[in-house]
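Take a look at the letters that make up each chain.
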Amino acid sequence: QVHIVESGGGLVQPGGSLRLSCAASGFTLSTYVMRWYRQAPGKERELVAAITSAGSSIIYANSVKGRFTISRDNAKNTVYLQMNSLNSEDTAVYYCMTPAFATWGQGTQVTVSS
């Protein structure tokens, strides 16, 4: 059974950093494209970053380029999202998923506020 658990969210001040983790079970993460999405209150879910199985290709939303870094540790079956220089517009629930399965985790809340 495919299962995804996001963690690492929290309350951070503007300019701060957080690292989100996405732990997968029920499938071998190393063979799949992995994506991070976010959904802010009253807004549609948007793609934040994606990484191919080997990590050779990465894309970012324009709004996070230069501030966020997606990475993966296939040995740990985990994907990460390092978020730096956070601002209030980054406040959202963050989710990870692979397009191979129609499975979403519960998400992790990120709140950027002073």
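These numbers were taken from a predicted model, which means no experiment stands behind them. Counting restarts for each chain: residues are numbered from 1 in the order of the written sequence. Local features are withheld for residues below a pLDDT of 70 in this predicted model, meaning they are given only at 70 or higher, and side-chain atom pairs are given and counted only at 80 or more; totals for whole chains, interfaces and linings count all residues. To get the side-chain values, take all heavy atoms of the structure and skip hydrogens and water.

Draft legend 1. View of the sheet that holds strand β2 (residues 10-12). Only strands joined by at least two bridges in the DSSP assignment are considered to pair. Labels follow the DSSP assignment, with helices taken as runs of H or I lasting at least four residues and strands as runs of E lasting at least two, numbered in each case from the N terminus. What the six strands build is an open sheet, ordered β2-β10-β9-β4-β5-β6; its pairing is mixed. Looking at strand neighbours, the two that pair on one side only are β2 and β6 (58-60), the edges of this open sheet. Between one strand axis and the next, the sheet turns through 25° on average, direction left out of account. Angles here are taken between N-to-C directions and fall from 0 to 180 degrees, while the axes themselves are lines fitted to C-alpha atoms, restricted in helices to the stretch in contact.

Draft legend 2. Molecular detail of the sheet that holds strand β3 (residues 18-25). Pairing in this open sheet of four strands is antiparallel, and the strands run β1-β3-β8-β7 from one edge to the other. This sheet does not close on itself; its edge strands, each paired only once, are β1 (3-7) and β7 (68-73). The sheet shows a mean angle of 15° between the axes of neighbouring strands, taken without regard to direction. Direction of pairing for β3 relative to strand β8 (residues 78-83): antiparallel, over a ladder of six bridges. Bridge pairing in β8 places Cys-22 opposite Val-79.

Draft legend 3. Representation of the packing of aromatic side chains within the structure. Note on ring pairs: Phe, Tyr and Trp rings are taken, using the six-membered ring of Trp, and paired if centres are within 6.5 Å. Classes follow the plane angle, with under 30 degrees stacked, over 60 edge-to-face and the rest tilted. Taken as a whole, this structure holds five aromatic pairs when the rule is applied. An aromatic cluster is present here, built from Phe-27, Tyr-32 and Phe-101 joined pairwise through their rings. Ring-over charges, as used throughout, are those where CZ of Arg or NZ of Lys falls within 6 Å of the ring centre and within 35 degrees of the ring normal. Sitting over the ring of Tyr-80, Arg-19 keeps its end group 4.1 Å from the ring centre.

Draft legend 4. Representation of the pairing of strand β4 (residues 34-39) in the model. For β4 and strand β5 (residues 46-51), the ladder comprises five bridges, and the chain directions are antiparallel. Within β5, the position partnered with Tyr-37 by the bridge is Leu-47. In this antiparallel pair of consecutive strands, β4 and β5, the connection spans six residues, and Gly-42 shows a positive phi of 75°. Summarising the sheet, β4 and strand β9 (residues 92-97) pair through five bridges and their orientation is antiparallel. Directly across from Arg-35, in β9, lies its bridge partner Met-97.

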